[in-house]
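# Structural overview for review
Next come the chains, spelled out residue by residue.
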Amino acid sequence: MLDSGINSRGTLDVSHTCVKGSTEFANYPTPNITAQESLRKNEAMRTGTPREPRAVTSSLNSIHISPRTPRTPRATMGEDEDEETEMSLLNEEERIQSARTFHDGHSTDEVDGDLSKRPISAKDKRGMIFFKEYQLKWGVPHLTLSGYLRFWSVICFIVTLWLIFFKKEDKEPATDSDMSIKAVYKTIWQICQLKHIQLLIVVHLFAKIGFAANDAATGLKLVEKGFRREDLALVVLIDFPFQIMGGWLAAKWSRGDKPLRPWIYAFWPRLFFALVATLIVLWFPNPPISMSFFVLLVLHTILSSFASTVQFVGISAFHTRVSDPLIGGTYMTLLNTFTNMGGTWPKWFVLKGIDIFSVATCKVPQVEIDVKATECVSDHGKAACKGIGGTCVEETDGYYMVSAICLLFGVIFLVAFIIPTARKLQKLPISVWRVKMQ
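Just so you know, these numbers come straight off a predicted model, no measurement behind them.

### A word on the overall build of the chain
When helices and strands are tallied, the chain shows 15 helices and 10 strands. Residues counted as buried form 33% of the 438 residues belonging to the chain. Considering only intrachain contacts with a sequence separation of at least 6, the fraction spanning at least 24 residues in the chain is 67%. Roughly 29,200 Å² of accessible area belongs to the chain as shown, and the carbon and sulfur atoms make up 63% of that amount.

Below you can see the structure in the form of structure tokens.
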């Protein structure tokens, strides 16, 4: 506490009382402050003129007041500084893991190098702090991908060892249906020699080419256009209940004397939705996308997946119907193998075709040179262009050309071969699908 007054010499006497603990220091004289300075100070306070900053140093005997350089004002602690303080709750390993989790959707071109050096936004910091507080409150350990895989690997080994050493199978008497491995492969060869099986294999190997571009590349193109992986995963999650419903309806429709009818009918919506997917990629807006466009993507995914589920369950029901009961598992496995192969082998050609038909230019702004590079669409080409300080600019996207070729082939093959052959196969009696056991 300071007490002051103007004495007869025209100076200002200042005394103060300092209380620290239980010790009191009082009435210590200070150096003289002229009355002119005191009046100037009071005038500045009345008019609102900023006071000249002064440094104050004190001792037990005096207080020295002198002008000093204004100190840079410290910003009021806000949300960012609070978050920086709370970030101390996370150790280095957890920070790296959190950065890896929250930056999966971020472009790798923006931040390269160690994950621990990546900048973390305020939103991500709040998320990491929330998870840390949740773990501390409920005692839940931090689940990592490596820990998850390690846990289930150990469980699989334990179950396998338990089945080997502790679970005993009941011995059954040998029957005529028991076959050796050689006999099983011989039976498979006999199945493949049946004429109607060969027709069915040809149908399976080429039936999915019409929507191969949609299945192989549409999801990748959406992510490339700016559709976040989190939103794509959400769309798949919403679609899951509708897949169950589609399987139930397909099994119901496959009964009767025309088991392949739902499988044939589902071709047309699948081809149509493949065309719609191509148009969605073509007209994809700049991110962030609107809610209406996201709803459109959800509806398209649900309807396309529904048609795919109807086809899968329908053809599987037909395989179950025509399989020989004596070797039912082997028979159905063989037919399903060709079905899966028909959806797998075109994907390589689709992705390769997209690279072939794509045309890109590597622009180097420093030297004002445009380098024609069709390889600029691949990771290797993009890395090479980036290495010389350029940027890949895509002039022609081969996805649209490959999608058009697949759709055209799918429609022609469906009308000219699949529909007539499927109607012929479903009219055959069950006896012709049997093989003679030797």
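### Brief notes about the packing of aromatic side chains
Centre-to-centre distance and the angle between the planes together describe a pair of aromatic rings. Scanning the model with the defined rule gives 15 aromatic pairs in all. For the ring pair Phe409 and Phe413, a centre distance of 5.5 Å and an interplane angle of 10° mean the geometry is stacked. Here Phe413 and Phe409 lie together in helix H15 (residues 398-426), a separation of 4 residues that amounts to about one turn. When its relative accessible area of 14% is taken as the criterion, Phe413 is described as buried. Among the aromatic residues, those joined into a ring-pair cluster are Phe206, Trp345, Trp348, Phe349, Phe409, Phe413 and Phe417. It is Arg270 that lies over the ring of Phe211; its NZ or CZ is 3.8 Å from the centre.

### Considerations on the state of the cysteines
This structure, assessed with the given rule, holds 1 disulfide. There is a disulfide in this structure between Cys362 and Cys385, and the S-S distance comes to 1.9 Å. Its S-S torsion of about 95° marks the bond between Cys362 and Cys385 as right-handed, since a negative value means left-handed. Placement of the pair is Cys362 in strand S8 (residues 359-364) and Cys385 in helix H14 (residues 379-387), with a sequence separation of 23 residues. Classification of Cys362 as buried rests on a relative accessible area of 4%.

### Description of helix H8 (residues 212-225)
Counting along an α-helix, one turn takes 3.6 residues, and residues three or four places apart therefore face a common direction. An ideal rise of 1.5 Å per residue puts 20 Å on 14 residues; H8 measures up with 20 Å between its terminal C-alpha atoms. At Thr218, H8 shows its maximal bend, which comes to roughly 40°. Those residues of H8 lying buried are Ala212, Ala213, Asn214, Ala216, Ala217, Thr218, Lys221 and Leu222. Positive phi appears at Gly226, one or two residues downstream of H8, with a value of about 125°.

### Concerning the pattern of salt bridges
A complete count under the given rule lists 4 salt bridges for this structure. Across the pair Glu224 and Lys221 runs a salt bridge whose closest N-O atoms are separated by 3.5 Å. A residue pair is termed a helical-turn pair when its members lie 3 or 4 positions apart in one helix, as Glu224 and Lys221 do in helix H8 at 3 residues. A salt bridge links Asp231 to Arg228, with the shortest nitrogen-to-oxygen separation between them at 3.3 Å. One continuous salt-bridge network, built from bridges that share partners, spans Lys221, Glu224 and Asp397.

### Points about the side chain of His196
Residue placement: His196 occurs in helix H7 (residues 195-206). On the accessibility criterion, His196 (13% relative accessible area) is buried. When residues no more than four places from it in sequence are discounted, the contact partners of His196 are Leu425, Leu428, Val432 and Trp433.

### Describing a positive patch on the surface
On the surface, Lys258, Arg261, Arg423 and Lys427 cluster together to form a positively charged patch. Inspection of the secondary structure puts Arg423 in helix H15. Residue class for Arg423 comes out partly exposed when judged on its relative accessible area of 47%.

### Some points on a nonpolar patch on the surface
A cluster of nonpolar side chains, namely Val159, Leu161, Trp162, Leu163, Ile164, Phe165 and Phe166, defines an oily patch on the protein surface of about 760 Å² accessible area. Inspection of the secondary structure puts Leu161 in helix H5 (residues 145-165).

### What about the confidence of the model for the chain?
When pLDDT is averaged along the chain, the result is 74; 63% of the residues meet or exceed 70. Within the model, pLDDT remains below 50 along residues 52-89, and this stretch shows 49 contacts once partners closer than five positions in the same chain are excluded. Scored below 50 in pLDDT, residues 105-116 makes 13 contacts in the model with residues more than four places away or belonging to other chains.

### Let's talk about the nonpolar core
If you look at the biggest cluster of nonpolar residues, it comprises 32 residues, and the most contacted ones within it are Ile197, Trp263, Tyr331, Ile418 and Trp433. At the level of elements, helix H6 (181-192), H7, helix H10 (261-265), helix H11 (267-282), helix H12 (291-322), helix H13 (328-357) and H15 are the ones that each hand at least two residues to this core. In this structure Tyr331 touches Ile191, Leu194, Ile197, Val322, Ser323, Asp324 and Trp433, once residues within four positions along its chain are discounted. Among the nonpolar cores identified, the runner-up in size contains 20 residues, and Val281, Phe284, Leu297 and Tyr399 belong to it.

Here is what the cut-offs are and how they apply
- Residues numbered from 1 in each chain as written.
- Predicted model: local features only at pLDDT ≥ 70, side-chain atom pairs only at ≥ 80, totals over all residues.
- Heavy atoms only, no water.
- Helix = DSSP H or I, 4+ residues; strand = E, 2+ residues; numbered from the N terminus.
- Buried < 20%, exposed > 50% of the residue type's maximum accessible area, 1.4 Å probe, protein only.
- Contact = heavy atoms within 4.5 Å.
- Areas by Shrake-Rupley, 256 points an atom, 1.4 Å probe, with all protein chains shown as cover.
- Phe/Tyr/Trp six-rings, centres within 6.5 Å; stacked < 30°, edge-to-face > 60°.
- Lys NZ or Arg CZ within 6 Å of the ring centre and 35° of its normal.
- Disulfide = S-S within 2.5 Å.
- Expected span 1.5 Å × (residues − 1).
- Bend = angle between axes of the 7 residues up to and from the residue.
- Salt bridge = Lys/Arg side-chain N within 4 Å of Asp/Glu carboxyl O.
- Patch = residues over 30% accessible without salt bridge, like charges linked within 9 Å, V, L, I, M, F, W, Y side chains within 5 Å.
- Lys, Arg positive; Asp, Glu negative; His and termini not counted.
- Charge placed at Lys NZ, Arg CZ, Asp CG, Glu CD.
- pLDDT = per-residue confidence, 0-100.
- Core = buried A, V, L, I, M, F, W, Y, C linked by side-chain atoms within 4.5 Å.

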